[in-house]
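Residue strings, one per chain:
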Amino acid sequence: MTTDTQPPRPFLVSAGQAESLQDGATSLITLLADAGDTAGALTANRATFEKGSPGAPAHFHTKATEMFLVLDGTMRFLVGDEVLTLEKGAFLSVPPTVPHAFAPAPGSTAELLVVFTPGLHRFDYYRLLERVYRGEATVQEIRDSSLTYDNHYAESPQWQASLAEAAAFSADR
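Caption draft 1: Representation of the overall build of the protein chain in the model. From N to C terminus, the protein chain includes 4 helices and 10 strands. Written out in order from the N terminus, the α and β elements of the protein chain read β-β-β-β-β-β-β-β-β-α-α-α-β-α. By the compact-globule yardstick of 16 Å for 173 residues, the protein chain fits well, its C-alpha radius of gyration being 16 Å. Judged by the C-alpha coordinates and their principal axes, the protein chain covers about 55 × 35 × 30 Å. Across the 173 residues that make up the protein chain, the buried fraction comes to 42%. Looking at the protein chain alone, contacts between residues at least 24 apart form 70% of all its contacts between residues at least 6 apart. Of the accessible surface of the protein chain, which amounts to about 9,200 Å², a share of 54% is contributed by carbon and sulfur atoms. In the protein chain, which carries 12 positive and 21 negative side-chain charges, the distance between the mean positions of the two groups comes to 4 Å.

Caption draft 2: Highlighting the nonpolar core. Ranked by size, the top nonpolar core spans 30 residues in total, and within it Phe68, Met75, Phe77, Phe102, Leu112 and Tyr126 carry the most contacts. Sorting the residues of this core by element identifies strand 2 (27–33), strand 3 (43–49), strand 5 (65–79), strand 7 (91–94), strand 9 (110–117) and helix 1 (123–133) as the ones contributing at least two each. Among residues more than four places away in sequence, those in contact with Leu112 are Asn45, Arg46, Ala47, Phe49, Phe68, Leu69, Val70, Leu71, Met75, Phe77 and Phe102.

Caption draft 3: Molecular detail of the packing of aromatic side chains. Scanning the entire structure with this criterion turns up 6 aromatic pairs. Taking the centre distance of 5.6 Å and the plane angle of 50° together, the rings of Tyr125 and Tyr149 count as tilted. Of the two residues, Tyr125 is situated in helix 1 and Tyr149 in helix 3 (residues 146–149); the sequence distance between them amounts to 24 residues. Here Tyr125 falls in the buried class, since its relative accessible area comes to 5%. Among the aromatic side chains, those forming a connected cluster through ring pairs are Phe49, Phe68, Phe77 and Phe102.

Caption draft 4: Focus on the pairing of strand 6 (residues 82–87). For strand 5 and strand 6, the ladder comprises 6 bridges, and the chain directions are antiparallel. For Val79, the partnering residue across the bridge sits in strand 6 and is Glu82. Where strand 5 folds back on strand 6, the antiparallel hairpin that results is connected by 2 residues, among which Gly80 adopts a positive phi of roughly 70°.

Caption draft 5: Looking closely at helix 1. Considered for burial, the residues of helix 1 that qualify are Phe123, Tyr125, Tyr126, Leu128, Leu129, Glu130 and Val132. Looking one or two places after helix 1, you find Gly135, whose phi comes out positive at around 80°.

Caption draft 6: Fine view of the pattern of salt bridges. Inspection of every chain in the model, using the stated rule, returns 5 salt bridges. Here Arg76 makes a salt bridge to Glu165, at a shortest N to O gap of 2.6 Å. Here Glu165 lies in helix 4 (residues 157–172) and Arg76 lies in strand 5, a separation of 89 residues in the sequence. Since its relative accessible area comes to 12%, Arg76 is described here as buried. Take Glu165: its relative accessible area is 45%, and that puts it in the partly exposed class. Across the pair Glu130 and Arg134 runs a salt bridge, and its minimum N-O distance is 3.4 Å. Salt bridges sharing partners connect three or more residues here, namely Glu19, Asp124 and Arg127.

Caption draft 7: Summary view of unusual backbone geometry. The linkage connecting Thr117 with the following residue, Pro118, adopts the cis geometry, with an omega of -5°. Positive phi values are uncommon outside glycine, yet Asp150 reaches one of about 50°. Residue position: Asp150 is located in the loop between helix 3 and strand 10 (152–153).

Definitions and cut-offs
- Residues numbered from 1 in each chain as written.
- Predicted model: local features only at pLDDT ≥ 70, side-chain atom pairs only at ≥ 80, totals over all residues.
- Heavy atoms only, no water.
- Helix = DSSP H or I, 4+ residues; strand = E, 2+ residues; numbered from the N terminus.
- Rg over C-alpha atoms; globule rule 2.2 N^0.38 Å.
- Buried < 20%, exposed > 50% of the residue type's maximum accessible area, 1.4 Å probe, protein only.
- Contact = heavy atoms within 4.5 Å.
- Areas by Shrake-Rupley, 256 points an atom, 1.4 Å probe, with all protein chains shown as cover.
- Lys, Arg positive; Asp, Glu negative; His and termini not counted.
- Charge placed at Lys NZ, Arg CZ, Asp CG, Glu CD.
- Core = buried A, V, L, I, M, F, W, Y, C linked by side-chain atoms within 4.5 Å.
- Phe/Tyr/Trp six-rings, centres within 6.5 Å; stacked < 30°, edge-to-face > 60°.
- Pairing = 2+ DSSP bridges.
- Salt bridge = Lys/Arg side-chain N within 4 Å of Asp/Glu carboxyl O.

Without other data, these values stay purely geometric and don't point to any function.
Set out below in structure tokens:
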């Protein structure tokens with residue numbers, strides 16, 4: 001890890017070196033760079049979603065901007081109280097304290113590049129999500145970690161309506 005007195009060093013992770021985590025039945029997180037790898041500059045991961053994935057629930061961060069680049073497919077995002085549909089190549093930046101959520105659009109698979117700046121030590125948060133999925137940890141542990149990982153869940157009627165619409169679309173197929 002780099003200290004404040006040393007200049008940041010380049011960081012490279014190849015596809016074969018990246019750790020991948022199954023955080024749900026229909027989603028995968030590939031860990032690219034954590035804050036310790038980038039002298040606190042950023043944290044990055046790749047998120048892959050199958051059709052029907054619930055994605056990430058409504059939440060916000062107090063210390064970092066979260067940025068998204070849609071690498072493939074079509075995604076729905078909650079930003080504040082608005083639901084947006086973004087296609088491959090679209091970029092979205094969500095500043096601190098703005099509630100947001102994301103999931104693939106109905107009938108779509110999708111892949112995202114997700115970047116936090118400044119970097120947050122989040123890799124253990126993603127590992128916790130996988131442990132919950134596997135039944136090795138509880139949802140309460142996620143709730144209890146909100147301050148540690150700067151991940152604060154929020155209520156959103158708009159997002160709930162969007163998820164219900166997606167579920168109805170899937171049921172019709």
